[in-house]
Amino acid sequence: MIERILTGRPPEPRLPKGTVDTQMHMYLPGFPSLPGGPPLPVEPLPDTLAYRQVMAWLGIDRVIITQGNAHQRDNANTLACVAEMGDTARAVVVIDETTSDADMRALGEAGAVGARIMDLPGGAVGLDALEAVDARAHAADWMIAVQFDGNRLLDHLPRLERIRSRWVFDHHGKFFAGVGPDGPEIAALLRLIDRGNVWFKFAGVYESSRAGWPYEDVAGFSRRIADHAPERIIWGSNWPHNMIRKSEDYPDDARLTELVLGWLGDDRARHLALVENPERLFKLPAFAAT
């Protein structure tokens, strides 16, 4: 069992209306973990009811539910969660070279707007399938979320430059060995962003940091990227923080949100990252406050 913080003082400054949480996972009963991936999160199950409390607490209006590694290539849980959440939710799912046109249409009708590449242990589809996934996603006008050890970015650069779909470099780049704001990996990433179809995701900073709170080793290059291209930053809560296995290690989402969004230059950059940029990347309709 783990005690997840679901309510409290909201982030300051308050998140703007229309805020999109672009990185989180959600689970419903009846969908067991599958071979090849990690186990399900620690109980209690982080379901739609729990996440709705987080949305109300933080001020989130819309959400992108990302396929969890526990379910590998079976998107059923993710799509069931989208159905329960209704029009506030869309999904990033797992596809591969076997995904047919009919499958793509069905996934799109169920709320899928993107595909996931996870080239780290437990990932369902890795970089070996990048070109096949890009072809399917580009034809459907989907985006791709790409995650790998960012310290290998220069090795993968020629293939990344050939991606035709809109895509986002996940989880602060996952530079496990660390990088400096002026390092060659960041210079290459800025050139990728300047190509016009690349975004950078602020999410799960604790998974990339070797220094711990307040994650200054990640803050430096994150600020550099945000200052260079504020129109290319998106944000995700990374709820329910699946790598956290003990209550005493569980983050306070409001304080974590305040910290990470503080790396953005000003209120305009915050609005871009939280509302306008995800609308462009995921092809969401413009938010209409009710």
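Residues numbered from 1 in each chain as written. Predicted model: local features only at pLDDT ≥ 70, side-chain atom pairs only at ≥ 80, totals over all residues. Heavy atoms only, no water.

1. A closer look at helix α2 (residues 76-85)
Residues that lie three or four places apart on an α-helix share one face, since the helix turns once every 3.6 residues.
Alright, step 1. By the burial criterion, the buried members of α2 are Asn77, Thr78, Leu79, Cys81, Val82 and Met85.
Alright, step 2. Those residues of α2 that are buried are in contact with α1 (48-58), β2 (62-66), β3 (89-93) and α3 (101-109).
Alright, step 3. At the C-terminal side of α2, Gly86 shows a positive phi close to 80 degrees. (Buried < 20%, exposed > 50% of the residue type's maximum accessible area, 1.4 Å probe, protein only. Helix = DSSP H or I, 4+ residues; strand = E, 2+ residues; numbered from the N terminus. Contact = heavy atoms within 4.5 Å.)

2. A few points about the packing of aromatic side chains
Alright, step 1. Within this structure, the stated rule accounts for 9 aromatic pairs.
Alright, step 2. Here the aromatic rings of Tyr51 and Trp239 are separated by 5.4 Å at their centres, their planes lie at 50 degrees, and the arrangement is tilted. One end of the pair, Tyr51, is in helix α1; the other, Trp239, is in the loop between β8 (233-235) and α9 (253-261), and 188 residues separate them in sequence. You'll find Tyr51 and Trp239 in the same group, each marked buried.
Alright, step 3. An aromatic cluster is built from Phe148, Trp167, Phe169, Phe175, Phe200, Phe202, Phe221 and Trp263, whose rings are joined through pairwise contacts.
Alright, step 4. One cation-aromatic arrangement involves Arg232 over Trp199; the distance from NZ or CZ to the ring centre is 4.3 Å. (Phe/Tyr/Trp six-rings, centres within 6.5 Å; stacked < 30°, edge-to-face > 60°. Lys NZ or Arg CZ within 6 Å of the ring centre and 35° of its normal.)

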